[in-house]
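Structural overview
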Amino acid sequence: MGFFKRNKGTPLKELERYHGKRVSYVVEREGAEENVIGRTGGISVDSEKLVVVCDGHEVFRCSTDGIVCAELMSHNGADIKGKDMTTGKLRHIVVHYANKR
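Let me sum up the structure you'll find in this document. Just so it is clear, the model here is predicted, and its values are computed rather than measured. (Residues numbered from 1 in each chain as written. Predicted model: local features only at pLDDT ≥ 70, side-chain atom pairs only at ≥ 80, totals over all residues. Heavy atoms only, no water.)

1. With respect to the state of the cysteines
Overall, the coordinates contain zero disulfides when judged by the stated rule. Cys54 forms no disulfide, and the closest cysteine sulfur to it belongs to Cys69, at a distance of 14 Å. Among the cysteines around Cys62, which has no disulfide bond, Cys69 carries the closest sulfur, lying 9.3 Å off. (Disulfide = S-S within 2.5 Å.)

2. Overview of the nonpolar core
If you look at the biggest cluster of nonpolar residues, it comprises 19 residues, and the most contacted ones within it are Ile43, Leu50, Val52, Phe60, Ile80 and Val95. Mapped onto this core, the elements with two or more residues apiece are β1 (22-30), β2 (33-45), β3 (49-54), β4 (57-63), β6 (77-83) and β7 (90-97). In contact with Leu50, other than residues within four places in its own chain, are Leu15, Ile43, Ser44, Val45, Phe60, Arg61, Cys62, Thr64, Ile67 and Ile80. (Core = buried A, V, L, I, M, F, W, Y, C linked by side-chain atoms within 4.5 Å. Buried < 20%, exposed > 50% of the residue type's maximum accessible area, 1.4 Å probe, protein only. Helix = DSSP H or I, 4+ residues; strand = E, 2+ residues; numbered from the N terminus. Contact = heavy atoms within 4.5 Å.)

Right under this line is the structure:
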């Protein structure tokens, strides 16, 4: 009871690791469904927001405050949960990195 502190999100220093990552495709999870929302793009992170752009269009924009971001166990993508800055709705996306060949 009070031994563990509740984490309110991923620290900015950890989020900065994702800046500049190339993206193969992005999937949005809604309940048990997964829908592809974009292909071929990248991730941008600054002190205020995390943005995922695919095919020249913004598919996800979220404030860095309260965002939860974790790398997949395979290290070929990231799981991101946060409140969308445009709609205010909580969104859950999975970003799959592009191969660096």
